[in-house]
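Close look at the chain arrangement
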Amino acid sequence: ADVAACDNKMLIQSGEIVTRNLDFHNPQIYEKREPLLFDLYTGLLPCEVWNKLFKRELFSRLRFHNLKMSEDLLLWLELSPQLKKVVFLPQSKYYYVLRPKSLTSKQDFNENAFDDLVVMKKLQTVLPQISTRLGNIGEARYYISVVHIMQKFTLFGVGRKYHDRAEAFQAEIRENWRSISTCTTLKAMMKLSLFLIGINLNIYYYIYGVYLKFKSEP
């Protein structure tokens with residue numbers, strides 16, 4: 001195989017070990033680009049690179065981008081044309097230690113979140129060139145990323161600071177609402193969130209704020 005992957009166990013601060021249960025129990029073998037990317041980008045396969053072994057020659061001309069988030073997803077997109085065989089094993093062979101101050105556990109808004117948007121825009125642009133169903137995935141993942149960032153604006157109270165960004169999202173949603181509304185991969189709640197952002201930013205912030213308050217109540 002050009003790439004061999006395994007599952008992982010996550011060791012959190014309390015000492016608890018969390019095992020991620022994958023949706024498959026037998027080795028998954030991929031010899032074509034489209035189904036590999038589809039299963040990676042829909043979450044069936046873990047896309048992180050730290051629980052995988054890669055043939056050295058795959059990186060003779062390829063390097064990671066200078067991004068803090070979602071760089072793994074972009075790497076797969078650029079690496080996939082070279083891959084002739086990829087094998088995913090369901091066994092947990094890798095321990096991931098989650099540090100309290102790591103990026104994944106940071107409890108305030110960090111502009112590294114915008115890196116995710118850069119990657120998703122790339123997926124939205126390139127995936128339709130590979131297949132229609134990948135195009136739908138790329139469309140959905142980009143707008144899901146937009147909603148997640150807007151949620152963080154609300155959660156951390158930084159909507160005013162990033163108002164220009166939010167207005168740009170709003171304009172893009174309004175311009176592309178027809179394709180958003182007909183995207184079969186976007187769930188109804190995501191479409192509703194995008195609809196509210198497109199109508200009025202303050203309404204969206206208020207409704208999502210009420211939801212967060214309701215969710216936090218015992």
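Residues numbered from 1 in each chain as written. Predicted model: local features only at pLDDT ≥ 70, side-chain atom pairs only at ≥ 80, totals over all residues. Heavy atoms only, no water.

1. A word on the packing of helix α7 (residues 188-199) against helix α8 (residues 201-216)
Close contact between α7 and α8 brings their axes to 5 Å; oriented N to C, the two are set at 135°. As summarised for this structure, α7 and α8 are arranged oblique, according to the angle between their axes. Residues S193, L196 and I197 of α7 form the contact with α8, whose participating residues are L201, I203, Y204 and I207. Here the residues of the contact of α7 with α8 sort into six nonpolar, one polar and no charged. (Axes fitted to C-alpha atoms, helices over the stretch in contact; angles between N-to-C directions. Helix = DSSP H or I, 4+ residues; strand = E, 2+ residues; numbered from the N terminus. Parallel < 35°, antiparallel > 145°, perpendicular 65-115°, else oblique. Contact = heavy atoms within 4.5 Å. Nonpolar A, V, L, I, M, F, W, Y, C, P; charged D, E, K, R; others polar.)

2. Overview of the environment of F54
Topologically, F54 is positioned in strand β4 (residues 52-54). Among the residues examined, F54 registers a relative accessible area of 22% and is labelled partly exposed. Counting along the chain gives 106 residues from F54 to R160, while the straight-line C-alpha distance between them is 44 Å. Excluding anything up to four places from it in sequence, F54 contacts D2, V3, V49, F59, W76 and L79. (Buried < 20%, exposed > 50% of the residue type's maximum accessible area, 1.4 Å probe, protein only.)

3. A word on helix α1 (residues 33-41)
Of the positions making up α1, those classed as buried are E34, L36, L37, D39, L40 and Y41. On its buried side, α1 packs onto β3 (28-30), α2 (71-79), β5 (86-97), α3 (113-126) and α4 (132-155). In the segment just after α1, G43 is the residue with positive phi, at about 90°.

4. Some points on the side chain of Q124
In this fold, Q124 is placed in helix α3. Taking relative accessible area as the criterion, Q124 reaches 14% and is therefore assigned buried. A distance of 2.9 Å separates the side chain of Q124 from the side chain of K121, its partner in a polar contact. Side-chain polar atoms of Q124 contact the side chain of E139, separated by 3.2 Å. (Polar contact = N/O pair within 3.5 Å; in protein donor to acceptor, adjacent residues only side chain to side chain.)

5. Side note on the pattern of salt bridges
Scanning the model with the defined rule gives three salt bridges in all. Taking the shortest distance from any N to any O, the salt bridge between D2 and K55 comes out at 3.7 Å. Within this pair, whereas D2 is found in the segment before β1 (3-11), its partner K55 is found in the loop between β4 and α2, the two being separated by 53 residues in sequence. Residue class for D2 comes out buried when judged on its relative accessible area of 11%. Linking E172 and K121 is a salt bridge whose minimum nitrogen-to-oxygen distance equals 2.9 Å. Pair noted here: E172 is in helix α5 (residues 163-175) and K121 is in helix α3, with a separation of 51 residues, a long-range link. K121 sits in the partly exposed class, given a relative accessible area of 31%. (Salt bridge = Lys/Arg side-chain N within 4 Å of Asp/Glu carboxyl O.)

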